[in-house]
Structure formats: C-alpha cells, structure tokens
Amino acid sequence: RERSCVELHRNLIALSLKVSLQVSDDSNPTVLHNSICNGCNGGIVVHGRARGVFRHNVISGHNKAGLGVTDAAQPYLESNVFCRNRAGGAIFTGQSVTELHDNTFQDNLLFGIHVRANASVHAEGDSVCLNSGPGLQLQECGQAMMIDVALQGNTRSGAIAVGQAT
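From a predicted model like this one, the values you see are computed outputs, not experimental measurements.

Chemist: Looking at this structure, I do not really get the overall build of the protein. What am I missing?
Modeler: Assigned secondary structure in the protein consists of zero helices and 21 strands. Radius of gyration (C-alpha) of the protein: 14 Å, near the 15 Å computed for a compact globule of 166 residues. The 166 residues of the protein split such that 46% are buried. A separation of at least 24 residues holds for 36% of the contacts in the protein among residues at least 6 apart in sequence. Surface summary for the protein: the accessible area is close to 7,600 Å², and the carbon and sulfur share equals 48%. The distance from the centre of the 12 positive side-chain charges to the centre of the 13 negative ones in the protein is 9 Å.

See below:
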C-alpha cells in the first residue's frame, strides 16, 4: 500500500480467503518466481495508481480472475502463467494501462483476457489458449493492441469486440 516497493521472490502464496496479492495506492513492487494459487477470491489485484513488475509467476486455481487491474494502475507483466482460474485469466478495467509480454492465459473459465471500461492493454508474444469462453473479450471502450499473440482453442471464439471497443 501507499508507496511501498516490496520485493517478493520465490514464495508460495496459497489458500487465501481474500485476494492473494493486492497492490494498491502508489505501490511499485517487484514480484518474481512466485506460485500464487487456490485462493477464495482473485489472484493478483492491482489498483489505484500502482505499478509493479510481475515476472515468471504462476497464478492458478482462484475462485475469481487470476489478475484484476483497475483504476489508473499501470503494471508490467512478463512470462507469467494464468491458468485454471474460475472467473477468467485476467480482467482490465477503469483507466488502467497494462503491458503484457510472453504471458500464458490458459484453461481459465469465462475468458482468457477481458478488457473494458477505457482500460488499455498492449500484449506482445502472449498465448491465450484453451479458455472456456473467448480468448480476448473487449467491451465498453476497452482497447487492446495485440502483436504476435496466439489465440487458439478457446471455446467461444478467439476474440470478441462489442460496443465502442477497439
């Protein structure tokens, strides 16, 4: 919270009753090589004006989305795996701006990636596969720039854009 710059390396964060990892306010953590799994709510939530670097983490088995980014948050995510989360791999909303590089969103319920409400996502080299729903869902002015992204084997479609989404 506030202006923290916490570093989390090689930890197991499991069976949380609330969000497994919450990053808020003006925080800027470094989160590397962690297993974040089987929580009763979401895996990672980044909100407020938080930033942070998230690399080589496995986020799996949560009852909510593996990743939620909202407000004016601006995280950078690289080489993470989001799998088997019951409310989708990742959801981006608010005025958030997120960079994704070489992440995997696989075998999540509902969707792989959901971008809405003026959120912006730049994804490059990611894999969004085998999700029970669309790989990428854009709505309510959500914006996504996808470069070299694999959208394969998702139940509903590779990508869906509705409303004012681009």
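After that view, the rundown keeps rolling.
Chemist: How should the pairing of strand 13 (residues 97–101) be read in this particular structure?
Modeler: The side chains of a regular strand alternate between both faces of the sheet. Pairing geometry for strand 10 (residues 76–78) and strand 13, over three bridges, is parallel. Note that in strand 13 the partner of Glu78 across the bridge is His101. Relative to strand 16 (residues 120–124), strand 13 runs parallel, the two sharing five bridges. What sits directly across from Val97, in strand 16, is Ser120.

Chemist: Looking at this structure, how should I read the sheet that holds strand 15 (residues 113–115)?
Modeler: Either a parallel or an antiparallel arrangement is found when strands of a sheet pair, and the pairing is made through backbone hydrogen bonds. Strands sit in the order 3-6-9-12-15-18-21 across an open sheet of seven strands; the sheet is parallel. In this open sheet, the two strands that pair with only one neighbour each are strand 3 (21–23) and strand 21 (159–161). Neighbour to neighbour, the strand axes of the sheet diverge by 5° on average, direction disregarded. Here strand 15 runs beside strand 18 (residues 136–138); their pairing, made up of three bridges, is parallel. Pairing of Ile113 across the sheet is with Leu136, part of strand 18.

Chemist: Please clarify how the side chain of Asp126 should be interpreted in this entry.
Modeler: Mapped onto the elements of the fold, Asp126 is located in the loop between strand 16 and strand 17 (127–129). The side chain of Asp126 sits in the buried core without any salt bridge; Arg55 is the nearest counter-charge, 12 Å away. At a separation of 2.6 Å, a polar atom in the side chain of Asp126 contacts the main-chain amide nitrogen of Asn103. A distance of 3.1 Å separates a polar atom in the side chain of Asp126 from the backbone nitrogen of Glu124. Residues in contact with Asp126, not counting those within four places in the same chain, are Leu100, His101, Asp102, Asn103, Phe105, Asp148, Val149 and Ala150.

Chemist: Explanation requested: the pattern of salt bridges in the structure shown.
Modeler: Pairing between side chains becomes possible if they bear opposite charge and their charged atoms approach one another. Inspection of the entire model under this criterion finds two salt bridges. In this structure, Asp26 and Arg49 form a salt bridge, with 2.9 Å as the shortest nitrogen-oxygen distance. Taken as a pair, Asp26 in the loop between strand 3 and strand 4 (30–32) and Arg49 in the loop between strand 6 (44–46) and strand 7 (53–55) lie far apart in primary sequence, 23 residues in all. The closest approach of N and O atoms between Arg55 and Glu78, which form a salt bridge, is 3.1 Å. On the criterion of sequence distance, the pair formed by Arg55 in strand 7 and Glu78 in strand 10 is long-range, its members being 23 residues apart.

Chemist: For this particular structure, what's the right way to read the sheet that holds strand 7?
Modeler: The strand order 1-4-7-10-13-16-19 describes an open sheet built from seven strands, whose pairing is parallel. Looking at which strands have only one partner, the edges of the open sheet turn out to be strand 1 (7–9) and strand 19 (143–147). The sheet shows a mean angle of 10° between the axes of neighbouring strands, taken without regard to direction.

Procedures and definitions
Residues numbered from 1 in each chain as written. Predicted model: local features only at pLDDT ≥ 70, side-chain atom pairs only at ≥ 80, totals over all residues. Heavy atoms only, no water. Helix = DSSP H or I, 4+ residues; strand = E, 2+ residues; numbered from the N terminus. Rg over C-alpha atoms; globule rule 2.2 N^0.38 Å. Buried < 20%, exposed > 50% of the residue type's maximum accessible area, 1.4 Å probe, protein only. Contact = heavy atoms within 4.5 Å. Areas by Shrake-Rupley, 256 points an atom, 1.4 Å probe, with all protein chains shown as cover. Lys, Arg positive; Asp, Glu negative; His and termini not counted. Charge placed at Lys NZ, Arg CZ, Asp CG, Glu CD. Pairing = 2+ DSSP bridges. Axes fitted to C-alpha atoms, helices over the stretch in contact; angles between N-to-C directions. Salt bridge = Lys/Arg side-chain N within 4 Å of Asp/Glu carboxyl O. Polar contact = N/O pair within 3.5 Å; in protein donor to acceptor, adjacent residues only side chain to side chain.

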